[in-house]
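Coordinate inspection notes
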Amino acid sequence: MTVTTPTLISYSPATGEPVGEVPITAPAKIPAIVAGAREAQKAWGAITGHQRADILRPAGQAILDNKDELARLLSAEQGKPLADGLSEVTHTGEKLMEEVDEIAEAVAPRELTGEGMVTTLRYDPLGVVAAITPWNFPMLMPQWMALPALVAGNAVVLKPSEQTPLIAQAYADILNRFLPPHVLQVVHGADDQGRALVASDVNLIAFTGSKATGQKIMAAAAEGLKRVILELGSKDPLIVLEGADLDAAAEFAARNSFRNCGQVCVSTERIYVQGTIAEAFTEKLAQAAKAYRSGDPFAEGSVLGPMVMREQKEHVARQIEDAVAQGAKLVLGGGDHPGNAMPATILRGVTHEMDIMKTETFGPVAPIMTFEHPDEAVSLANDSEYGLGAVVFGPEPLARDVAARIDAGMIGVNRGIHGAKGSPWVGARHSGIGYHMGPDGHRQFCQVRTITRNA
Ligand code: ADP
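Residues numbered from 1 in each chain as written. Predicted model: local features only at pLDDT ≥ 70, side-chain atom pairs only at ≥ 80, totals over all residues. Heavy atoms only, no water.

**Here we look at the overall build of the protein chain**
Operational definition: Counting from the N terminus, the helices are DSSP H or I runs at least four residues long and the strands are E runs at least two residues long. We compute the radius of gyration from the C-alpha atoms alone; for a globule the expected value is 2.2 Å times N to the 0.38, where N is the number of residues. Exposure categories follow from relative accessible area, calculated using a 1.4 Å probe and restricted to protein chains: below 20% of the type maximum is buried, above 50% is exposed, and the middle band is partly exposed. In what follows, a contact means two residues having at least one pair of non-hydrogen atoms within 4.5 Å. Using a 1.4 Å probe, the Shrake-Rupley method yields the accessible areas, and only the shown protein chains count as cover for residues. Counted as positive: Lys and Arg. Counted as negative: Asp and Glu, with His and the chain ends omitted from the count. Charge positions come from single atoms, namely NZ of Lys, CZ of Arg, CG of Asp or CD of Glu.
Along the backbone of the protein chain there are 14 helices and 22 strands. Its C-alpha radius of gyration of 23 Å places the protein chain within 12% of the 23 Å reference for a compact globule of 455 residues. Taken along its principal axes, the extent of the C-alpha atoms in the protein chain is 70 × 65 × 40 Å. Taken across its 455 residues, the protein chain has 55% of its residues classed as buried. For the protein chain, restricting intrachain contacts to residue pairs at least 6 apart in sequence, the fraction spanning at least 24 positions comes to 72%. If you sum the accessible surface of the protein chain, you get close to 19,100 Å²; carbon and sulfur atoms cover 54% of it. Here the protein chain carries 39 positive and 53 negative side-chain charges, and the mean point of each set is 4 Å from the other.

Quick look at the structure:
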């Protein structure tokens, strides 16, 4: 008798054809996988962070050596144009080589001296980290969670999104050429596997995904007082003040609303423009949007691929239709499109009564609303349960003053939200709990301990 393992088939969002498959992990097997991780962690956690960095560093070059093949797989499975797939793969490999040392440095022990005493501040491993990662950056996101966890001395069990299992598996396979067995393992499947992983004997759950799932994970984690790092939804505002460089603001608005088909956690999802410049800004945005041509990920000249899945496209289409039905005007895009395609879309005349200004869209839509006074822009921007990123374009010092009043974790003034080297990736309010990146972000994968002795 032959026993066939059920498989998870990964489909191309562009063609609907299968790209490949991986074996599904039976939820009942997850506790044993986690037990294997815990055993492997003992030796892995006993060496120093710098030694772990040395072991992992060559994986970055191995990613770069295979970048063309990996980029084709990523784009076939996720749908982003090949050039974007290639830049994600290249960025992942380069960042790996750079970040292993930064993480090792962040988690190295340090000494504090006081009156008659010396304290060693240690950043020890937590044990086993569960990483549940999304599909929008299907190679970079597994790295975001696995790399700091690993360099900090933890074992990792990764459950990538069921939309993009192949590229996540390829990423883990490369790291596993260098890692000891069972330090990094992958489980495949959907909600049942996620639930089983959270319920298993893990010490920390790192998750990026929807608020609703984040709440379930946090509730389940409470049972064993497991640590969580959650990056959840957002509805990032862009404020454009009178006196702003309108070309720069429109170019930014187009890029940040449309890139990756709007499937970025810090995409611009709400635009507030001062009434006096609204018409000029909207015209410039419509002009800039023309560069975001929708098409097959492998076709020359496609800047936007299809959306990752049908449900996601339908959600975006529904929000657009609902806004139009309530009086919003289509400036560009909208309409019916085959498959998962969704063109760059601009709406004006939206209000906070419309779902498109309340619920995360995660699609290539720029909804524009006007305001009269900067105070009003601040209240509108803060009228959201979320607070990951926000951007203000306008004259200084007003733009900086407005930025400081926005309740978000990462705010850009006359530029995007990405901070200087060492900055954390952090959300406010319901956009998350805990955060990533920078020395403090890396240390969230650690148990902080102090050992104090007499001087
Ligand atoms: P999306 O980010 O696409 O909206 P979700 O937030 O619903 O997706 O889910 C993100 C990931 O979390 C998926 O990999 C899914 O399988 C997993 N998941 C769903 N429900 C749970 C749960 N209760 N516990 C743990 N993981 C879950």
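After that view, the rundown keeps rolling.
**A look at the site of the ligand**
Condition: Nearness of a residue to a molecule or strand requires only that one of the residue's heavy atoms be within 4 Å of it. The term polar contact refers here to a pair of N or O atoms within 3.5 Å; inside protein, the definition further demands a hydrogen-donor-capable atom paired with an acceptor-capable atom, and it admits residues adjacent in sequence only when both atoms are side-chain atoms. Throughout this entry, Asp, Glu, Lys and Arg are counted as charged residues, while Ala, Val, Leu, Ile, Met, Phe, Trp, Tyr, Cys and Pro are counted as nonpolar. The remaining residues, Gly among them, count as polar.
Neighbouring the ligand are 16 residues, the closest being Lys159, Glu162, Ala190, Ser210 and Thr213. One of the backbone N or O atoms of alanine 190 is found 3.4 Å from an oxygen atom in the ligand. A distance of 3.0 Å separates an oxygen atom of the ligand from a polar atom in the side chain of threonine 213. Protein coverage of the free-state accessible area of the ligand, which is 560 Å², stands at 81%. In terms of residue count, helix α7 (residues 191-199) provides more of the shell around the ligand than any other element does, four residues in total. When grouped by side-chain class, the residues that make up the shell around the ligand number six nonpolar, five polar and five charged.

**Concerning empty space enclosed by the protein**
Where we set the bar: Points on a 1 Å grid, built from protein atoms alone, make a cavity when a 1.4 Å probe fits but cannot get out and make a pocket when they are open with protein on both sides within 12 Å along at least 5 of 7 lines; residues with an atom within 4 Å of a point are the lining residues. Grid points are joined across faces, edges and corners, and a volume is the space filled by probe spheres set on the points.
Taken as a whole and assessed by the stated rule, the structure comprises three cavities of 30 Å³ or more. Taken as a whole, the largest cavity encloses approximately 60 Å³ of empty space. As for the largest cavity, its lining consists of 17 residues, of which Pro237, Arg270, Ala381, Tyr386 and Gly387 are closest to the centre. Residue assignment for the lining of the largest cavity shows that the elements contributing at least two residues are β10 (236-240), α12 (374-382), β15 (386-387) and β16 (389-393). By residue class, the composition of the lining of the largest cavity is seven nonpolar, five polar and five charged.

**Topic: the sheet that holds strand β9 (residues 227-231)**
Let me state the cut-off plainly: Should DSSP find at least two bridges between two strands, the strands are taken to pair. To get an axis, fit a line to the C-alpha atoms, keeping to the stretch in contact for a helix; angles then go from 0 to 180 degrees between the N-to-C directions.
Read from one edge of the open sheet, six strands run β7-β6-β5-β8-β9-β20, paired in mixed fashion. Taken across any chain shown, the strands that pair with only one partner, and hence form the sheet edges, are β7 (184-186) and β20 (432-433). In terms of strand pairing, strand β8 (residues 204-208) meets β9 through five bridges, oriented parallel. Along β9, the bridge assignment pairs threonine 208 with glutamate 231. Running over the sheet, helix α5 (residues 140-151) touches β5 (128-133), β6 (155-160), β8 and β9 and is turned about 170° from β5. Sitting on the sheet, helix α6 (residues 165-176) touches β6 and β7, and the angle it makes with β7 is about 160°.

**A short note on the pairing of β5**
Threshold: Look down the strands so they point away from you; if going from the first strand over the helix to the second traces a clockwise path, that crossover is right-handed.
Across the six residues of β5, six count as buried, placing the element largely inside the fold. The side-chain alternation of β5 yields two buried faces, one formed by Val128, Ala130 and Ile132 and the other by Val129, Ala131 and Thr133. As defined by bridge partners, β5 adjoins β6 across six bridges and the pair is classed as parallel. Within β6, the residue paired with valine 128 across the bridge is alanine 155. As for the winding sense of the linkage, the β-α-β connection from β5 through α5 to β6 is right-handed. Inspection of the sheet shows β5 paired to β8 by four bridges, in the parallel sense. Within β8, the residue paired with isoleucine 132 across the bridge is phenylalanine 207.

**What about the pairing of strand β3 (residues 110-114)?**
When β3 meets strand β4 (residues 117-125), the two strands line up antiparallel, connected through five bridges. Following the sheet pairing, arginine 110 is matched in β4 by leucine 121. The antiparallel hairpin formed by β3 and β4 contains two residues in its connecting segment, where glycine 116 sits at a positive phi of about 70°.

**Overview of helix α8 (residues 211-222)**
How we decide: Helices are assigned an expected span. That span is 1.5 Å times one less than the residue count. This arc is taken over the directions from the axis of the helix to the C-beta atoms.
With twelve residues, α8 should reach 16 Å at 1.5 Å per residue; the first-to-last C-alpha distance of 16 Å fits that figure. Within the sequence span of α8, burial applies to Lys211, Gly214, Ile217 and Ala221. Take α8 and look down its axis: the buried residues cluster within an arc of 120°, on one side only. Residues of α8 that are exposed and angled more than 90 degrees away from the buried face: Lys216 and Ala219. For α8, the secondary structure elements touched by its buried residues are β5, α7, β8, β9 and β15.

**Quick notes on the pattern of salt bridges**
Put simply, the test is: When a carboxyl oxygen of Asp or Glu lies within 4 Å of a side-chain nitrogen of Lys or Arg, that pair is called a salt bridge.
Applying the stated criterion to the full structure yields 22 salt bridges. Close ionic contact of arginine 38 with aspartate 201 constitutes a salt bridge, the shortest N to O distance being 3.0 Å. In this pair, arginine 38 sits in helix α1 (residues 30-46) while aspartate 201 sits in the loop between α7 and β8, placing the two residues 163 residues apart along the sequence. For arginine 38, a relative accessible area of 25% translates into the label partly exposed.

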